[in-house]
Amino acid sequence: MHLSEITPRSGATSNPVPSWMQGCFRRRSISFANGQTDTDTRVFWLQSRSLTIDLRLPVVEQQVADGDDRQKQADYEGWYAHTLWDGSHLRWQGGTGYQLHNRWPEPAILQRIGNCMLEFAPSSAYVEDWRLLSGQPGPLIGLELVSETDLNTGTKSPRQGALIICGQYAGLVLGRSSPVQHEGESLKQLLASPSLTEGEKRNLLAFEASVAMGSLEEGFTVYHSLHLSRLQQPLTSLTGFEYAAKPGYLIQRTQDGERAVERLFRIDCHEREYPFLLSTPASQESMEWFNREAPTLTRYTRIVE
């Protein structure tokens, strides 16, 4: 089956994030306590009911191709994790990341106004300004990869990853197919270490994190990725799905390069028409003020992503 043919359903999800937090966001800026601000790093956040995909890259002109400069590649970021929302703080746990240590250990204090979502670090170290990209109703699908079987060898491995679709945007994370024995260590230092073999270093970089645009029906094309070779390529196959025997899970039979694989996904959510809204509620008094002062307030307003 094509993923669009799957009957909408959600798996067992505890403490899902609020509806205003779900969708695809691009970071407009991060401002630090020292007064410095970054508006150039490409950062994307895709959020389903309880899964996050995060991708952080330099500007396009400064991203290096595979093999050109491993030390620069070691500063890129891509990961997926489970989200835990307690009503005031958002925390992340589990999942897998390109980096081997947690670069962002603080929870997030979040507030959304219009298409702008502000993320405050409890320590006051920084604040991030995120903008919702998926402003039209569309599918909201979150799938978590929990295992992969090589159909040629029959070997099953607990490979981790996630696929999140938010309207016309989609994100994919595929963890390393071979385990890494250096969790918690610096990726940059490991790639420079003479004690690691060339094969071990290649495995450290063998991590997929990509963001794409398109549609659920026609597929998605990669526009941002840890690996330049993935640009303008299909994000992933959306065919070969079937319901697993265990409720809340899907099986996909597909190709991973030259390997035929079977992947088991946990369904986080599957909604065909989710209302991604650019606006948020406000009081009647505030709307009356806005309309009254509109000649000044709306002189240069526009939707900023």
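Cut-offs and rules
- Residues numbered from 1 in each chain as written.
- Predicted model: local features only at pLDDT ≥ 70, side-chain atom pairs only at ≥ 80, totals over all residues.
- Heavy atoms only, no water.
- Helix = DSSP H or I, 4+ residues; strand = E, 2+ residues; numbered from the N terminus.
- Rg over C-alpha atoms; globule rule 2.2 N^0.38 Å.
- Buried < 20%, exposed > 50% of the residue type's maximum accessible area, 1.4 Å probe, protein only.
- Contact = heavy atoms within 4.5 Å.
- Areas by Shrake-Rupley, 256 points an atom, 1.4 Å probe, with all protein chains shown as cover.
- Lys, Arg positive; Asp, Glu negative; His and termini not counted.
- Charge placed at Lys NZ, Arg CZ, Asp CG, Glu CD.
- Phe/Tyr/Trp six-rings, centres within 6.5 Å; stacked < 30°, edge-to-face > 60°.
- 1 Å grid on protein atoms, 1.4 Å probe; cavity = no way out; pocket = protein on both sides within 12 Å on 5 of 7 lines; lining within 4 Å.
- Points joined across faces, edges and corners; volume = space filled by probe spheres on them.
- Nonpolar A, V, L, I, M, F, W, Y, C, P; charged D, E, K, R; others polar.
- Salt bridge = Lys/Arg side-chain N within 4 Å of Asp/Glu carboxyl O.

Asks: Before we move on, can you summarise the overall build of the chain with the specific residues and values?
Replies: The secondary structure content of the chain amounts to 5 helices and 18 strands. Expected size for 305 residues packed as a compact globule is a radius of gyration near 19 Å; at 20 Å, the chain falls within 12% of this value. Burial statistics for the chain: of 305 residues in total, 47% are counted as buried. Looking at the chain alone, contacts between residues at least 24 apart form 60% of all its contacts between residues at least 6 apart. Here the chain displays about 15,000 Å² of accessible surface, and carbon together with sulfur accounts for 51% of that area. Taking the average place of the 29 positive charges on the side chains of the chain and the average place of its 36 negative ones, the gap between the two points comes to 1 Å.

Asks: Could you give an account of the packing of aromatic side chains, with specific residues and numbers?
Replies: We describe a pair of aromatic rings using the distance from one ring centre to the other and the angle between the two ring planes. What the rule picks out here adds up to 9 aromatic pairs. With a centroid separation of 6.1 Å and an interplanar angle of 80°, the aromatic rings of Trp 79 and Trp 92 are classed as edge-to-face. On the criterion of sequence distance, the pair formed by Trp 79 in strand E5 (residues 77-85) and Trp 92 in strand E6 (residues 89-97) is long-range, its members being 13 residues apart. Trp 79 gets classed as buried once you look at its relative accessible area, which sits at 18%. What makes Trp 92 partly exposed here is its relative accessible area of 25%. Relative to Phe 276, the ring of Tyr 274 lies with its centre 5.0 Å away and its plane at 55°, an arrangement referred to as tilted. Since its relative accessible area comes to 1%, Phe 276 is described here as buried. Taken together, the aromatic side chains of Phe 25, Trp 45, Trp 79, Trp 92 and Trp 130 make up a single cluster linked through ring pairs.

Asks: An account of the side chain of Asn 203 is requested, with residue identities and associated values reported.
Replies: Structurally, Asn 203 is set in helix H3 (residues 198-205). When neighbours within four sequence positions are excluded, Asn 203 is seen to be in contact with Arg 176, Ser 178, Pro 179 and Val 180.

Asks: So what's going on with empty space enclosed by the protein? Residues and values would help.
Replies: Taken as a whole and assessed by the stated rule, the structure comprises 1 cavity of 30 Å³ or more. Taken as a whole, the largest cavity holds about 30 Å³ of empty space. Looking at the largest cavity, the residues that line it are Leu 163, Leu 172, Thr 236, Ser 237, Gln 252, Arg 263 and Phe 265. Of the residues contributing to the lining of the largest cavity, the split by class is 3 nonpolar, 3 polar and 1 charged.

Asks: Residue-level account of the pattern of salt bridges, with values.
Replies: What the rule picks out here adds up to 22 salt bridges. Residue Glu 148 pairs with Arg 263 through a salt bridge whose shortest N-O separation is 2.8 Å. Of the two residues, Glu 148 sits in strand E10 (residues 138-150) while Arg 263 sits in strand E18 (residues 259-274), which places them 115 residues apart along the sequence. The exposure class assigned to Arg 263 is buried, which follows from its relative accessible area of 5%. The salt bridge involving Arg 259 is made with Asp 256; its shortest N-O contact spans 2.9 Å. Here the salt bridges share partners, and the residues they tie into one network are Glu 148, Asp 150, Arg 159, Asp 256, Arg 259 and Arg 263.

Don't take any of this as a statement about function, it's just geometry.
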